[in-house]
Amino acid sequence: MISNITNSWESCFYCQCESFKSVTEFVIHLRERHCTREGGSYVCRYGFNGVCPSLPLDGVSDRDYDAHVAKYHVNQHSRELAPEWSVFSAAQNLPAVLNDPSRGKQNNLFTKKWGDNFVDRVVISDSPYLPEITDSDFDRYINKIGKRYRRHERLSAQQTTILTTTNVTGSKREPITPTSPLHDTSLNVIPEIFLKENLSLNHAPTFALVFPNIGCSTSEKNKESGRLLQEQLSHYLDIIEVKIAHQVSRKSAAFFHAMTSQDAIMAQMQEAARRVRELRTALDILQKTIVRDSLQVMLYAQRKQNYQETLDKLRLMATVHKTQPMLQLLMGTQDYVAALDLIGTTQEILTQELVGIHCFKHLPMELIEMEKFIDSMLTAEFERYASADLNRPLSDVLKETDSVNTEDDKLVCIVMGLLRKKNFRFVNTYKDEAIATIRALIKQFVIEVIASSDAEVCLTGAGEEAQSFSIAEWIALLKKATVALLTVLQRIKAVTNIMQQTADAAAARSDLAVGNSQKSTVNLIDSEAFLTSVDHMVVQEKLQDLLIAVCNYCHDRCATMVSTQSLERAVATLDEIEQLKEIVTEFGDGCEEICGSSSVALKVAVKVQASRFANRFHSEKKQKLAFLLDSERWRQVDIPNEFQKIIDRMSSFDFSVTTKTVEQFITPNGQGNDDSKLNIATQSLANPVLLVEGKPYALVGAALLLVQMLNDYCCCALRLPLVSSYLSGNVVDLLRTFNSRSCQLIIGAGAMRVAGLKTITSTNLALVSRSLQLVLWLLPIMKEHFLKLDPSATHGYESITKDFQSHIKEIENKICNIVTERISVQLEQWDARPPIPSQSFRNISRHLVKLHEAIAPILPEQQIHTIYGVVHRNFKDRLRKQLLKANIINNGGPQHGVVTSELTFYMETVRTLKALPLYDLSDSILQSIWDF
């Protein structure tokens, strides 16, 4: 192996394609590529596997590293390059890899490498679907192709023989075998100057190129050079001649064919020339004998036609000349469509048939001015008609059965003319005029109301009075304004129908002008359809928008009358709100019938007023209820007959009758020893209890007032369905107030401080419970009533029902706790010894009797059983504890006999009161009391 010797700094041993021109570049390369810095030390990596054999692994300083590079890597004069890698450089060879001594001798390479299971030992049989191919299958192909191949070889040999033939017999071409030594000479030996088309020897540079060395001093040299030049030019000429001869010999057959064809062409041309001469002679004779006279006749016919066209032009000019008088006549008869059609037709004639006529050069401008004049006149006439029609005086009853004016034919003419001009702005003009009329009409009504009033008022810029009218004056003004506005809207509707019918006729759709129950009331102009379907749709949409916009404006102006700003100084009553609602409903239905869509501005304003009324109504009821609850003595009162009727009507869902005021039945009482602030007035028709579906209800005065209030809420919702949802929420709020306040006053003992009660008795608790039960009975009735008026007006009834039930349960627990505490006190003092019955059990019986006397006239039997059932269970629990405490057991002893006698006395008291169900009145307590 030969070692390649080179300088150590000219190339990098470990970086391919890296060569350096100086030592500095090599040193920079070593520092950047083969050096690492660890802390402040430099480690040289210029060596195999990144390790320099001449430098310590822990590194050296920067100065020592430069000295190391200069000594061991730069100053070495030569080095041996690493040998290229070959198979001999490998650590192992293929036989060493494949021969596995542990596997023994293998059959082939695959089993040596991958094991015996790699080779499939199953013999694969021949496929029955593939035939066996032999040499005999190719015999037919070989015989067929062999014949063609032998023929091809024979023809190729003959062609070669023909090309090598040296002579050709007869007049055929000369031998093509190249015998001349110049035959194979290329044209490249000839200078390029001789091959140019513009070779001119009188040009000095060209002459110098063709004849070089001419004019030398020595004559012998001139002669010699001339001979050489002559021989050279002769040689060039010989080459050209040989090339030409060779080309001619190759194309000789084409030359002979061209000569033969030229003779045939000359003969054909002579025959064609002869026939052309004969044809010209025949055409000359035909021109002289036949064609000339016929052409003269056609010329005269064309001249006659020209004269007729000239006459027609003159007549057309005479007709156009009469355009202006005809326009004046048509405008006098208000036939604007015909006038515009005449102008359009005349302009079309002038631009198409009378172009360039000098006498009509000013007529197009005059027609344009006339068209503008008609347009402005139509606009003015329409505005004048709209103003006169809309400002016609109203009838005495403010209702017109015939709102169509007598000048409807004039309106049809005007609208037809505007449609012909495609001037659709007249719809907006009519809308503005209608809005101005409505504004003036409302302002006039306000002025009339102000004139009839004695108060000094001022008007706002919009025409409304400055918030000083009474509710009655506002309602009267609104009533009069809505009736008048409906009359104006009917007029607008009638005019709009005429416009729609005219547009339908202009679009050849007059069948649309007659509806199911509406007939055309005007005589439409018979004219051709000139309005496109797109324009007709635009006009129809504008007319519909006109009606909707005018109706919305009427609603907005009427809404201003009933807005919060207008009525904020006055408080409307239920009758006034209901009257206001009826006016708005009637006006809204009339507007919807006219324009086909409903407006919400006025309805929203009325709803705002109704909401204000409902809010004030609820505030008054809530304040009155709070006052009565704070003044309530929580004693049973007699039920006037009027309240019985209220309950009867509410049970039958009859809320059409409004109740009288509560002050007729509840009056302040300042006399006698009773210090209550409110009491039921003495009346001849009064019952001690209120009968609800045959069940008696003993109530307090506040509960009666609450029943009347609930009836008033239901009646108000029936008369004002638009605020039924709001009133339903107010009912829930009122009941929640009653429930929470009564709970504070009774269960929380607030009545002792507010109303001056000495104590909260079981009678008070029972009356509150019974009042709450009456409200629970009324809740489903009111919920269904509000549900009929508004399906979304029943929110909160479930929660208030649960609150009332919870309150009733708390009252029952309160009553039970009062009795239980007193029984517990007596049992703690009881001792199982004679006399029997003991004083404790006598006191217990007396407490039970007092409780029954307090709640029996008020609460139903089922609820009494429930309360006494709880008291009875608590009694048994307390007695068991006392028996355990006294260590008394069921042993038949004296103490056991005392307990049995006491319990017998207790059960006799309970049986006398009938405070428990029959199955709890047995003597089972004598045994169950000992079940600890």
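Note that residues are indexed from 1 along each chain, following the sequence as it is written. At least 70 in pLDDT is required for a residue's local features to be given in this predicted model, at least 80 for side-chain atom pairs to be given and counted, and no such filter applies to totals for whole chains, interfaces and linings, which use all residues. With hydrogens and water stripped out, all remaining heavy atoms of the structure feed into the side-chain values.

Peer 1: Pulling in residues and values, what's your account of the overall build of the chain?
Peer 2: Across its full length, the chain holds 27 helices and ten strands. The classification of residues rests on relative accessible area computed with a 1.4 Å probe and restricted to protein chains. Under 20% of the type maximum is buried, over 50% is exposed, and intermediate values are partly exposed. Of all 932 residues assigned to the chain, the portion counted as buried reaches 37%. Two residues qualify as a contact provided that any one of their heavy atoms is within 4.5 Å of a heavy atom in the partner residue. Here the analysis covers contacts within the chain between residues at least 6 apart in sequence; of these, 72% occur between residues at least 24 apart. As displayed, the chain offers around 56500 Å² of accessible surface, 54% of which is attributable to carbon and sulfur atoms. Strands are runs of DSSP state E lasting at least 2 residues, helices are runs of H or I lasting at least 4, and numbering of each runs from the N terminus. Areas reported here follow the Shrake-Rupley algorithm with a probe of radius 1.4 Å; residue values treat only the protein chains shown as occluding.

Peer 1: Describe the packing of helix H17 (residues 601-631) against helix H19 (residues 701-719), with residues and values.
Peer 2: Their axes nearest at 10 Å, the elements H17 and H19 cross at an angle of 175°. On the basis of their axis angle, the class for H17 and H19 is roughly antiparallel. Two secondary-structure elements touch here, H17 through Phe613, Phe617, His618, Lys621, Lys624, Leu625, Leu628 and Leu629 and H19 through Ala702, Leu705, Leu706, Met709, Asp712, Tyr713 and Cys716. Within the contact of H17 with H19, the residues separate by chemical class into eleven nonpolar, one polar and three charged. Angular values range over 0 to 180 degrees, each being the angle between N-to-C directions of two axes fitted as lines to C-alpha atoms, with helices fitted over their stretch in contact. For classification purposes, angles smaller than 35 degrees are called roughly parallel, those larger than 145 roughly antiparallel, those between 65 and 115 roughly perpendicular, and all remaining angles oblique. Amino acid classes used here: Ala, Val, Leu, Ile, Met, Phe, Trp, Tyr, Cys and Pro are nonpolar; Asp, Glu, Lys and Arg are charged; the rest, including Gly, are polar.

Peer 1: Describe empty space enclosed by the protein, naming the residues involved and giving the relevant values.
Peer 2: Of the two site types, the cavity is a set of points on a 1 Å grid over the protein atoms alone where a 1.4 Å probe fits but cannot get out, and the pocket is an open set with protein on both sides within 12 Å along at least five of seven lines, each lined by residues with an atom within 4 Å of a point. Grid points are joined across faces, edges and corners, and a volume is the space filled by probe spheres set on the points. Scanning all chains against the criterion turns up two cavities of 30 Å³ or more. Every element with two or more residues in the lining of the second largest cavity is listed here: helix H14 (471-506) and helix H16 (574-595). When residues of the lining of the second largest cavity are assigned to their parent elements, the largest contribution, four residues, is made by H14. Classifying every residue of the lining of the second largest cavity gives four nonpolar, one polar and two charged.

Peer 1: Tell me about the pairing of strand E2 (residues 35-38), and name the residues and values.
Peer 2: Relative to strand E3 (residues 41-44), E2 runs antiparallel, the two sharing four bridges. Paired with glutamate 38 across the bridge in E3 is serine 41. Linkage of E2 to E3, two consecutive antiparallel strands, is achieved through a turn of two residues, within which glycine 39 is found at a positive phi near 70°. One bridge is not enough; two strands pair if DSSP finds at least two bridges between them.

Peer 1: Let's hear about helix H22 (residues 762-789): which residues, and what values?
Peer 2: Residues spaced three or four apart along an α-helix face the same direction, because each turn holds 3.6 residues. A helix's residues, less one, multiplied by 1.5 Å, set its expected span. Compared with an ideal rise of 1.5 Å per residue, which puts 28 residues at 40 Å, H22 spans 41 Å between its outermost C-alpha atoms and is within 8% of the ideal. Along its length, H22 reaches its greatest deviation from straightness, about 30°, at leucine 778, and the proline proline 780 lies no more than four positions downstream. Most of H22 sits out of view: 20 of its 28 residues are buried. Throughout, the bend at a residue refers to the angle made by two axes, fitted to the seven residues ending there and to the seven starting there.

Peer 1: Which residues make up the confidence of the model for the chain, and what are the values?
Peer 2: Looking at the chain, pLDDT values average 76 and 77% of them are 70 or higher. Segment residues 461-466 is flagged for pLDDT under 50; beyond a separation of four residues in sequence, or across chains, it makes 16 contacts in the model. Note that pLDDT drops below 50 for residues 661-684; the model gives that stretch 38 contacts with residues more than four away or on any other chain. A residue's pLDDT is the predictor's confidence in that residue, given on a scale from 0 to 100.

Peer 1: Could you give an account of unusual backbone geometry, naming the residues involved and the relevant values?
Peer 2: Cis rather than trans, the peptide bond between proline 834 and proline 835 has omega equal to 5°. Turning to its location among the elements, proline 835 is positioned in the loop between helix H23 (797-829) and helix H24 (839-855). The linkage connecting isoleucine 836 with the following residue, proline 837, adopts the cis geometry, with an omega of -5°. Tracing the backbone shows proline 837 in the loop between H23 and H24. The phi torsion at glutamate 693 lies on the positive side, around 55°, for a residue other than glycine.

Peer 1: Run through the pattern of salt bridges, naming residues and quoting values.
Peer 2: Oppositely charged side chains can pair when the atoms bearing their charge come close. Whenever a carboxyl oxygen of Asp or Glu lies within 4 Å of a side-chain nitrogen of Lys or Arg, that contact is scored as a salt bridge. Evaluation of the coordinates by the stated rule reveals 15 salt bridges. Taking the shortest distance from any N to any O, the salt bridge between aspartate 712 and lysine 621 comes out at 3.1 Å. With aspartate 712 in helix H19 and lysine 621 in helix H17, this residue pair connects regions lying 91 residues apart in the sequence. As far as the burial class goes, aspartate 712 and lysine 621 line up, both buried. Put simply, lysine 783 and glutamate 798 hold a salt bridge, and the shortest N to O gap is 2.7 Å. Here lysine 783 is found in helix H22, whereas its partner glutamate 798 is found in helix H23, with 15 residues between them in sequence. A single network of salt bridges, built from pairs that share partners, joins Glu271, Arg274, Arg275 and Glu278.

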